Amino acid sequence: MPVPAPGLPEHVTIYEVGARDGLQNESAIVPVEVKAEFLHRLAAAGLRVLEATSFVHPKWVPQLADAGDLLRRLVRADGVDYPVLVPNERGLDRALDAGVSHVAIFASATETFAERNLNRTLDSQYAMFEPVVERALAAGLRVRGYVSMCFGDPWEGAVAPEQVAAVTRRLAAMGCHQISLGDTIGTGTPGHVDAVLDACVAAGVPVRQIAVHFHDTYGQALANTLAALRHGVRTVDASAGGLGGCPYAESATGNLATEDLVWMLDGLGVGHGVDLDALVGTSVWMAEKLGRPSPSRVVRALAS
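Criteria and cut-off values
Residues numbered from 1 in each chain as written. Predicted model: local features only at pLDDT ≥ 70, side-chain atom pairs only at ≥ 80, totals over all residues. Heavy atoms only, no water. Helix = DSSP H or I, 4+ residues; strand = E, 2+ residues; numbered from the N terminus. Rg over C-alpha atoms; globule rule 2.2 N^0.38 Å. Buried < 20%, exposed > 50% of the residue type's maximum accessible area, 1.4 Å probe, protein only. Contact = heavy atoms within 4.5 Å. Lys, Arg positive; Asp, Glu negative; His and termini not counted. Charge placed at Lys NZ, Arg CZ, Asp CG, Glu CD. Salt bridge = Lys/Arg side-chain N within 4 Å of Asp/Glu carboxyl O. Axes fitted to C-alpha atoms, helices over the stretch in contact; angles between N-to-C directions. Parallel < 35°, antiparallel > 145°, perpendicular 65-115°, else oblique. Left-handed = near helix turned anticlockwise from the far one by under 90°.

A. Up close: the overall build of the chain. Helix and strand counts for the chain stand at 12 helices and nine strands. In summary, the chain has a C-alpha radius of gyration of 18 Å against a globular reference of 19 Å for 304 residues, a match within 12%. In terms of its C-alpha atoms, the chain occupies a principal-axis envelope of roughly 50 × 45 × 35 Å. Sorting the 304 residues of the chain into buried and exposed places 57% on the buried side. Here the contacts in the chain between residues at least 6 apart in sequence split such that 75% fall between residues at least 24 apart. One way to put it: in the chain the 24 positive side-chain charges average out to a point 4 Å from where the 34 negative ones average out.

Shown next as structure tokens:
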């Protein structure tokens, strides 16, 4: 039964990352035709932002080596946005060749993760992003910025909210229309979410420009999402069936499951445009393709 709560938005945009962030951590390569069908089914379920793939070097993420082939096969649904991740200018070249209209870059909030994931220092990572963002904007593309390790780092421990805010401010100043704050290893709690968002707003980044990306390592993803929504966030990243993790951080478990998010939003009377039954069916189908049950509690409850 929907029971609205005060201080929440009327509508939330779900930024579906299952096809990219969800599948990049699979040990086996998912066939490209399965990926294309996955995206088709997600669009049919009502999701309107589907991060399709990443143009990262196949050496680093072999699971997404078929990015170009996938986009050639993809039949884009009307009204659906299909952003792709681009790590550098070479990735942007490939994305432009594929005719995309929306790209994302991936930054770090910590020194160690920047070195391990980007082979850059925390400060020098911007030199890699700046020409990508500049060229993308000049070509008429929208650019999203991800910030990883915003709530904790497996090598450095606690991350100061002001440090996250400094990275967020730099990405916004470059021209990123939206910055997604990632709890890569899932250590955040609701009060911590408030502190990080307060720091970003104090640094001059409006909350309407911020999205959140929570992992459910310690079971806090939904609680953290609710805190972010009460703070004014209107875009939430989620992964169908709870797929995903981070190939560069072993302690990172699955993303917030889209079905679990939809169930909570339905109970709060918050609009999102997603057909839950169709989405559950899609995640059950994908779980069968992957050969294991979905970790989403809502999928397990409804599919049974």
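B. View of the pattern of salt bridges. Under the defined criterion, the tally for this structure stands at 11 salt bridges. Put simply, Arg20 and Asp21 hold a salt bridge, and the shortest N to O gap is 3.9 Å. Asp21 shares its class with Arg20; the two are buried. Put simply, Arg144 and Asp237 hold a salt bridge, and the shortest N to O gap is 2.7 Å. One end of the pair, Arg144, is in strand 6 (residues 142-148); the other, Asp237, is in strand 9 (residues 235-238), with 93 residues separating them in the sequence. Three or more residues are tied together by salt bridges with common partners; here these are Arg20, Asp21 and Glu51.

C. Quick peek at the packing of helix 8 (residues 190-202) against helix 9 (residues 221-230). Closest axis-to-axis distance for the helix 8/helix 9 pair is 8 Å, and the angle between their directions is 40°. With respect to their mutual orientation, helix 8 and helix 9 come out oblique. Helix 8 and helix 9 meet at a crossing whose hand is right-handed. Packed against helix 8, whose contacting residues are Pro190, Val193, Asp194 and Leu197, the element helix 9 presents Ala223, Asn224, Ala227 and Ala228 at the interface.

D. Spatial organisation of helix 9. Burial analysis of helix 9 places seven of its 10 residues in the buried class, the great majority of the element. Buried residues of helix 9: Ala221, Asn224, Thr225, Leu226, Ala227, Ala228 and Leu229, and no others. Gly232 occupies a position one or two residues after helix 9 and carries a positive phi of about 115°.

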